[in-house]
Amino acid sequence: MRTTVGIIGAGPAGLLLARLLHNAGIDSVVLESRDRAYVERRQRAGILEQGTVDVLREAGAGARMDREGLPHDGIELRFDRRRHRVDFPALTGGRSVTVYAQTEVCKDLIALRLAEGGPLLFEAEALAVEDAETHSPRIRYHHQGRESVLECDYVVGCDGFWGVARKAVPETLSRAFERTYPFGWLGILADVPPSHDELVYARHDRGFALLSMRSPSVTRAYLQVPDGTDAADWAAEEIWDELDRRLETDDPTWTLRRGPVTAKSVTPMRSYVHEPMRHGRLFLAGDAAHIVPPTGAKGLNLAVGDVVTFARALALLREKGDPSRLDAYSETCLRRVWQAERFSYAMTTLLHRAPDATPFDDRVQLAALDRITTTRSAETDLAEAYTGFPFDEPQ
Ligand code: FAD
Ligand code: DHB
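Conventions adopted
- Residues numbered from 1 in each chain as written.
- Chains lettered and ligands numbered in written order.
- Predicted model: local features only at pLDDT ≥ 70, side-chain atom pairs only at ≥ 80, totals over all residues.
- Helix = DSSP H or I, 4+ residues; strand = E, 2+ residues; numbered from the N terminus.
- Rg over C-alpha atoms; globule rule 2.2 N^0.38 Å.
- Buried ≥ 20, exposed ≤ 12 C-beta atoms within 10 Å, placed from the backbone.
- Contact = placed C-beta atoms within 7 Å.
- Expected span 1.5 Å × (residues − 1).
- Pairing = 2+ DSSP bridges.
- Near = placed C-beta within 6 Å.
- Nonpolar A, V, L, I, M, F, W, Y, C, P; charged D, E, K, R; others polar.
- Core = buried A, V, L, I, M, F, W, Y, C linked by C-beta atoms within 7 Å.
- Axes fitted to C-alpha atoms, helices over the stretch in contact; angles between N-to-C directions.
- Arc of directions from axis to C-beta.
- pLDDT = per-residue confidence, 0-100.

1. Some remarks on the overall build of the protein
- Of regular secondary structure, the protein possesses 12 helices and 19 strands.
- A compact globule built from 395 residues should have a C-alpha radius of gyration of about 21 Å, and the protein, at 21 Å, falls within 12% of that.
- Taken along its principal axes, the extent of the C-alpha atoms in the protein is 65 × 40 × 40 Å.
- In the protein, which comprises 395 residues, the proportion classed as buried is 44%.
- The contacts in the protein between residues at least 6 apart in sequence include a share of 73% that link residues at least 24 apart.

2. Quick word on helix H12 (residues 376-387)
- An ideal rise of 1.5 Å per residue puts 16 Å on 12 residues; H12 measures up with 16 Å between its terminal C-alpha atoms.
- Regarding H12, the residues found buried are Leu382, Ala383, Ala385, Tyr386 and Thr387.
- Looking one or two places after H12, you find Gly388, whose phi comes out positive at around 115°.

3. A look at the pairing of strand S12 (residues 175-190)
- Pairing between S12 and strand S16 (residues 261-275): 13 bridges, direction antiparallel. Across the sheet, Leu189 pairs through a bridge with Ala263, a residue of S16.
- In terms of strand pairing, S12 meets strand S15 (residues 218-226) through eight bridges, oriented antiparallel. Within S15, the residue paired with Leu186 across the bridge is Leu223.

4. Some points on the site of ligand 1
- Ligand 1 sits among 31 residues. The nearest are Gly9, Gly11, Gly160, Gly286 and Gly299.
- Among the residues forming the shell around ligand 1, the class breakdown is 14 nonpolar, 10 polar and seven charged.

5. Some thoughts on the nonpolar core
- Leu17, Val156, Ala285, Val307 and Phe310 are the most contacted members of the largest nonpolar core, which totals 112 residues.
- If you tally residues by element for this core, the top one is helix H8 (residues 299-320), at 10 residues.
- The residues contacting Val156, other than those within four sequence positions of it, are Val5, Ile7, Leu17, Phe283, Ala285 and Phe310.

6. Regarding the site of ligand 2
- As a structural note, the neighbourhood of ligand 2 is formed by Ala45, Gly46, Ile47, Leu199, Leu210, Ser212, Arg220, Pro294, Thr295, Gly296 and Ala297.
- Residues of the shell around ligand 2, tallied by class, amount to six nonpolar, four polar and one charged.

7. Some words on the sheet that holds strand S19 (residues 290-291)
- Taken together, the eight strands give an open sheet; going across it, the order is S6-S5-S13-S14-S15-S12-S16-S19, and neighbouring strands pair in mixed fashion. The open sheet has two edge strands, strand S6 (82-87) and S19, and neither has a second partner.
- Where strand S5 (residues 74-79) meets S6, six bridges bridge the pair, whose relative direction is antiparallel. Among the inter-strand pairings, Ile75 is bridged to a residue of S6, identified as Val86.

8. Remarks on the sheet that holds strand S7 (residues 97-99)
- If you walk across this open sheet you meet the three strands as S3-S7-S4, and the pairing is antiparallel. Looking at the sheet topology across the chains shown, the edges are occupied by strand S3 (47-49) and strand S4 (70-72). Going across the sheet, the axis of each strand differs from the next one's by a mean of 30°, ignoring polarity.
- Relative to S7, S4 runs antiparallel, the two sharing three bridges.

9. What about helix H3 (residues 50-58)?
- Among the residues of H3, those classed as buried are Thr52, Val53, Val55 and Leu56. Taken around the axis of H3, the buried residues stretch over an arc of 165°, which confines them to a single face.
- Of the surrounding elements, those touching the buried residues of H3 are S3, helix H4 (63-68), S7 and H8.
- Looking one or two residues past H3, Gly60 carries a phi angle of roughly 75°, positive in sign.

10. Some details on the confidence of the model for the protein
- Residues at a pLDDT of 70 or more form 99% of the protein, whose mean pLDDT is 96.
- Across the assembled chains, the prediction reports ipTM 0.96 with pTM 0.96.

In structure tokens form, the structure reads like this:
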């Protein structure tokens, strides 16, 4: 098989890239190792930045998001029994975010891809990327019981942190920057309306808690838990009790709504960046190139930024013969990636309690929160980063 762009992975990065290329008249083939049901059910991110919403709309993939997504104009910071609302539009000149689950973004993009007839092969596992330095890179893959080769002009590795694409960059040219955290998130879905109409990020001496949502009738919530925690060790009532403790406030109107827990899982926390994000005609996008800890909800939005940058750069080359943006792909993406890394790290350390935290560390966290909630410039900095850095800004 032969195509212009071989895409490995049908997560949000790979699926959106296929759509953007289709709209630009560029053909592609998507290879996905898992089956469709698995990709459509995998519970992950839930917050779309303003720029991500705009891109999905422009790509013709925003109809259901516009009907069912929940626009949010702020978040609540809760600490020291206090509640503070961060007003995004007021601080950013009108920007906001939208609650619309990654599962739904993927479902919409899969339906569009299959309707437009573009190849999207499920249960097709990429084994290796070969000849990335040449003009005709190849993907070796396994599908329907046999090994095949996809000949490409370009390969985009959208295959997540555990994928194969990154391995095709020679070790001598690769640099990895990494940080692990001694805690993770226990995440639940529950059949109960959200307790608050916006997300609540809570800093507490017992650890971080986050109240989010998936729809007006489904709550999503997270608790900071020690590394190595097994979700099965937490009974539903224990999770609600712990959320109640960490969300404590002096506001007498606050109550936590409890309901049946329908899903539970633990996500480890990691910061990781692979440089460069390009080797020859192989381009890395999304989690294949970088991971952020989830505090601040940047992972999915970063993946979108990468593929927008690639698609625009390739369109410029094909339409105007100008390779400059494609050549600058790695630098352009990394600039935004490092801003998101910085923000996600800062939000994580601001709100989580490290196992070895001292009373001094606690006071510094509270002082930082006090500063954000009483100083417009500090609050604006948070609001700008949360609602998103611009895509595709040439250097
Ligand atoms: P992925 O979504 O990982 O997609 C990669 C795809 O490639 C997968 O479908 C995979 O099956 C496929 N693949 C892998 N290897 C191969 C191969 N060899 N051949 C073919 N296909 C392959 N972010 C947030 O903002 N908030 C959250 O709450 C949050 N929770 C998360 C929970 C978990 C468990 C994980 C892993 C991530 C979470 N993230 C969260 C991050 C966010 O979901 C990711 O940043 C986002 O999914 C990145 O999209 P992607 O398309 O780059 O990668
Ligand atoms: C969600 C995840 C996040 O990482 C975050 O910061 C906010 C919300 C969510 O899954 O709803």
